[in-house]
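# An overview of the molecular structure
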Amino acid sequence: MAPFGSSRPWFRNIDFMDQVANQTFIMCKPDAVERGLVGEIISRIEQKGFSIVKMDQRVPTRALAEAHYEEHSDKPFYGELVDFLSRGPVVAMVVEGPSDNTFAVMRTLIGKTRVDDAQPGSIRGDFATSTNENLVHGSDAHESAAREILLWFPS
Ligand code: RTP
Ligand code: MG
């Protein structure tokens, strides 16, 4: 079983949820590091007015990549997604904004998942040419932000 399975009662930790209410988990995926786009992505986050409060470059283990994308474990693309995320260094970040919609604003900044939907002006819209390798991850809800912050930055 994955070390951070959904059975883990992290979501019952109301104090932690409150503590990270205006934060989200952002990651430059391996393609962003390979293409030298980390600076551009960080710059867009900073220009927006958000703060990077934690940042770490590392090569995710397969177990970490599996746990990160656990919600997609039943999808046909899960294996490929885990292979991709664990193939090289990523830059993991906790991003903080002034109010509790940081995760949603960051999702807009990142752009839509599918390459043909991502609007110019968004990171994916400006730089991604494929859905599978779309440069940046951003948490999609308060609950997933709390889970992912704890998963990538446990201390
Ligand atoms: P992410 O989690 O990486 O921020 O991406 P997302 O929320 O925009 O999209 P999500 O639905 O969570 O999917 C995670 C990643 O899986 C790949 N994907 N492939 N082949 C497909 O139909 C498909 N759908 C999703 C994408 O790389 C997506 O970012
Ligand atoms: Mg997602």
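All values derive from a computational prediction rather than experimental measurement.

Another aspect to go through is the overall build of the protein. Of regular secondary structure, the protein possesses 8 helices and 4 strands. Going from the N terminus to the C terminus, the protein shows its helices and strands as α-β-α-α-β-α-α-β-α-α-β-α. The C-alpha atoms of the protein give 15 Å as radius of gyration, which agrees with the globular expectation for 155 residues (15 Å, within 12%). Summarising its shape, the C-alpha atoms of the protein cover approximately 40 × 35 × 25 Å along the three principal directions. Within the protein, the proportion of its 155 residues that are buried is 34%.

Attention now goes to the sheet that holds strand E4 (residues 136-138). With antiparallel pairing, 4 strands are arranged side by side in an open sheet as E2-E3-E1-E4. The open sheet is flanked by strand E2 (51-58) and E4, the only strands paired with a single partner. With direction set aside, neighbouring strand axes in the sheet form an average angle of 20 degrees. Across 3 bridges, strand E1 (residues 23-28) lies against E4 in antiparallel orientation. The residue of E4 that forms the bridge with Ile26 is Gly138. The sheet contacts of helix H8 (residues 142-152) involve E1 and strand E3 (90-96), and relative to E1 the element is tilted by about 60 degrees.

A few words on unusual backbone geometry. One non-glycine residue, Leu135, adopts positive backbone phi at about 75 degrees. Here Leu135 is to be found in the loop between helix H7 (123-127) and E4.

Quick look at the site of ligand 1 now. Around ligand 1, the neighbouring residues are His72, Phe77, Leu81, Thr113, Thr131, Asn132, Asn134, His137, Gly138 and Asp140. Residues that form the shell around ligand 1 fall into these classes: 2 nonpolar, 7 polar and 1 charged.

Next up on the list: the pairing of E3. Most of E3 sits inside the fold, with 6 of its 7 residues counted as buried. In terms of strand pairing, E1 meets E3 through 6 bridges, oriented antiparallel. Pairing of Ile26 across the sheet is with Met93, part of E3. Here E2 pairs with E3 via 7 bridges, running antiparallel. Bridge pairing links Ile52 to Val95 in E3.

What follows deals with the environment of Ala104. Along the chain, Ala104 turns up in helix H6 (residues 102-110). Residues Ala104 and Gly138 lie 34 residues apart in sequence; the distance between their C-alpha atoms is 8.7 Å.

As a further point, take the nonpolar core. A general tendency of soluble globular proteins is for nonpolar side chains to be buried together. Of all hydrophobic cores here, the largest spans 31 residues; its most connected members are Met27, Cys28 and Val136. Elements with a minimum of two residues in this core: E1, helix H3 (38-48), helix H5 (78-85), E3, H6 and H8. Tallying contributions element by element places E3 first for this core, with 6 residues. Ignoring sequence-local partners within four residues, the contact set of Cys28 consists of Val33, Val38, Ile41, Val90, Val91, Leu135 and Val136.

On to the environment of Asp126, then. Within the secondary structure, Asp126 is located in helix H7. On the basis of neighbour counts, which here come to 15 C-beta atoms within 10 Å, the residue Asp126 falls in the partly exposed class. Spatially, the C-alpha atom of Asp126 lies 9.2 Å from that of Gly111, the residues being 15 residues apart in sequence. The residues contacting Asp126, other than those within four sequence positions of it, are Pro120 and Gly121.

The rules we used
- Throughout this document, residue positions are counted from 1 along each chain, in the order its sequence is written.
- Each chain is given a letter, starting from A, and each ligand a number, starting from 1, according to the order in which they appear as written.
- Under the rules for a predicted model, residues below a pLDDT of 70 receive no local features and side-chain atom pairs below 80 are neither given nor counted, while totals for whole chains, interfaces and linings still include all residues.
- Per the convention used, a helix needs a DSSP run of H or I reaching at least four residues, while a strand needs a run of E reaching at least two, with both numbered from the N terminus.
- We take the radius of gyration over the C-alpha atoms and set the globule estimate at 2.2 Å times the residue count to the 0.38 power.
- Remark: C-beta atoms are placed from the backbone, and a residue is labelled buried if 20 or more other C-beta atoms sit within 10 Å of its own, exposed if 12 or fewer do, or partly exposed between those counts.
- Being paired, for any two strands, means DSSP has found at least two bridges between them.
- As a rule, the C-alpha atoms of each element are fitted with a line to give its axis, helices using only the stretch in contact, and angles between N-to-C directions run from 0 to 180 degrees.
- It is the C-beta atoms, placed from the backbone, that decide contacts: two residues are in contact if theirs lie within 7 Å.
- For each residue, a C-beta atom is positioned from the backbone; the residue is called near a molecule or strand if that atom sits within 6 Å of it.
- Gly falls in the polar group here, along with every residue not listed as nonpolar (Ala, Val, Leu, Ile, Met, Phe, Trp, Tyr, Cys, Pro) or charged (Asp, Glu, Lys, Arg).
- Each nonpolar core consists of buried Ala, Val, Leu, Ile, Met, Phe, Trp, Tyr and Cys residues. Their C-beta atoms, within 7 Å, join them into a set.

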